Amino acid sequence: MRAISTVFDVAVCLLLISAAVLALTIPVSQPQTDSVADETATVLSSSTASVTYQAVPIEDADDVAESRYRRERHGTFTGLAGRAALAATVIGETQIAPETVGFRQTVRSRIEATIPARTAVTARWEPYPNATLVGEFEAGTQPPENADVQVAIRTVSLPELAVDADGDYKTLSRAVAASFVEAMAPTTAGERPLRDALIIAAMANRYEILAAEEFDARRALVEAEMEYLVEYATDGLAARLRKDMRETFDSPTEAAAALTAGRAWVRIQRWET
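Calculation notes
Residues numbered from 1 in each chain as written. Predicted model: local features only at pLDDT ≥ 70, side-chain atom pairs only at ≥ 80, totals over all residues. Heavy atoms only, no water. Salt bridge = Lys/Arg side-chain N within 4 Å of Asp/Glu carboxyl O. Helix = DSSP H or I, 4+ residues; strand = E, 2+ residues; numbered from the N terminus. Buried < 20%, exposed > 50% of the residue type's maximum accessible area, 1.4 Å probe, protein only. Pairing = 2+ DSSP bridges. Lys, Arg positive; Asp, Glu negative; His and termini not counted. Contact = heavy atoms within 4.5 Å. Expected span 1.5 Å × (residues − 1). Phe/Tyr/Trp six-rings, centres within 6.5 Å; stacked < 30°, edge-to-face > 60°.

Chemist: A description of the pattern of salt bridges should follow, citing residues and the corresponding values.
Modeler: The final tally for this structure, using the stated rule, is eight salt bridges. Put simply, Glu-99 and Arg-206 hold a salt bridge, and the shortest N to O gap is 2.5 Å. Here the residue Glu-99 occupies a position in the loop between β4 (94-95) and α5 (101-112), and Arg-206 occupies one in helix α7 (residues 197-211), the gap between them amounting to 107 residues. Like Glu-99, the residue Arg-206 is buried in the burial classification. In this structure, Arg-219 and Glu-223 form a salt bridge, with 2.8 Å as the shortest nitrogen-oxygen distance. Given the relative accessible area of 45%, Glu-223 is considered partly exposed. Linked by salt bridges that have partners in common, Arg-124, Glu-126 and Glu-136 make up one network.

Chemist: How would you summarise the sheet that holds strand β3 (residues 90-91) if you had to cite specific residues and measurements?
Modeler: On the basis of which strands lie adjacent, the open sheet formed by six strands has the order β4-β3-β6-β5-β8-β7 and antiparallel pairing. Either end of the sheet is taken by a strand with one partner, and the two such strands are β4 and β7 (149-157). With two bridges connecting them, β3 and strand β6 (residues 133-140) associate as antiparallel partners. In the sheet register, Ile-91 faces β6, and the bridge partner there is Leu-133.

Chemist: I'd like a rundown of the side chain of Arg-104, residues and numbers included.
Modeler: Note that Arg-104 resides in helix α5. For the buried Arg-104, no salt bridge exists, and the shortest N-O distance to an oppositely charged side chain is 7.3 Å, to Glu-99. Not counting chain neighbours up to four residues away, the residues in contact with Arg-104 comprise Ala-84, Ala-87, Ala-88, Gln-95, Ala-97, Pro-98 and Phe-137.

Chemist: Mind laying out helix α6 (residues 169-184), listing which residues take part and the relevant values?
Modeler: Taking 1.5 Å of rise per residue, the 16 residues of α6 would be expected to cover 22 Å, and the 22 Å separating its terminal C-alpha atoms lies within 8% of that figure. Those residues of α6 lying buried are Tyr-169, Leu-172, Ser-173, Val-176, Ala-177, Ser-179, Phe-180, Val-181, Ala-183 and Met-184.

Chemist: Talk me through the packing of aromatic side chains; I want residue IDs and the actual numbers.
Modeler: Counted under the stated rule, the structure contains six aromatic pairs. On the basis of an interplanar angle of 15 degrees and a centroid distance of 5.5 Å, the ring pair of Trp-125 and Phe-180 is categorised as stacked. In this pair, Trp-125 is assigned in strand β5 (residues 119-125) and Phe-180 in helix α6, connecting sequence segments 55 residues apart. Of the residues examined, Trp-125 reaches a relative accessible area of 1% and is grouped as buried. Their ring planes at 80 degrees and their centres at 5.8 Å tell us that Phe-215 and Tyr-228 sit as a pair that is edge-to-face. Of this pair, Phe-215 sits in the loop between α7 and α8 (217-222) while Tyr-228 sits in helix α9 (residues 226-248), and the two are 13 residues apart along the sequence. On the basis of relative accessible area, Phe-215 is assigned to the buried category, the value being 12%. By relative accessible area, Tyr-228 is classed as partly exposed at 30%. A network of ring pairs unites the aromatic residues Phe-215, Tyr-228 and Tyr-232 as a single cluster.

Chemist: Describe unusual backbone geometry, naming the residues involved and giving the relevant values.
Modeler: The phi torsion at Ala-212 lies on the positive side, around 55 degrees, for a residue other than glycine. Relative to the elements of secondary structure, Ala-212 occurs in the loop between α7 and α8. At Ala-224, a residue that is not glycine, the phi angle is positive and equals roughly 55 degrees. Among the secondary structure elements, Ala-224 is positioned in the loop between α8 and α9.

The structure is reproduced here in structure tokens:
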């Protein structure tokens, strides 16, 4: 067992270290060249920004509380969009980290203040195509149905989630689950047990959703029973991913070839009228 810090950067921000029909997938393709969409994508991929946000939602907070939960992240606009998609990850229809709403809203505001009118930015993360575990993020406005839309795609690296695995469905699903649990609910360090009630509630919710089984995650967090928490969450998530993989792919070899956990795609759409 390992203790964890009250510093929420360890618990939440390690998550953020770092379309045809978009609701189904973002196609992996090269961006169009000599287009206004590609120009915007280049700006978003090369320009950096710092975003300041509240790590957990707090209402009517005083200055001390606001300072306590204030966090800052820095990166390219496409990188921030990719991590916002990761922060928005759902399994099925259940959002795993709803407390990251402040980060996602702040990234959206910064992107919308940067992009020109008639532009949409959408980011998507998933460990393999059409997975039950998926995160999506949108900024800007969606194009009208009859608009002449230009599209560019950029890839964002998420190395902490990369999985290089082969073997049967059990091995593959376990590798994906372990990587995701470590990113969402890391076991790393700090020297004191978790004490903050808001942080305990947020992290316990993550573990319970990932485990898909009722257990006393709050008690385990307070007592820093990290091995127990990680094992429960990894086993629960792996079981659902294993079922999902069997229904999605014809063989473990096909599943292994389709793994995309270590990256997200950012889609930029622009139109004139």
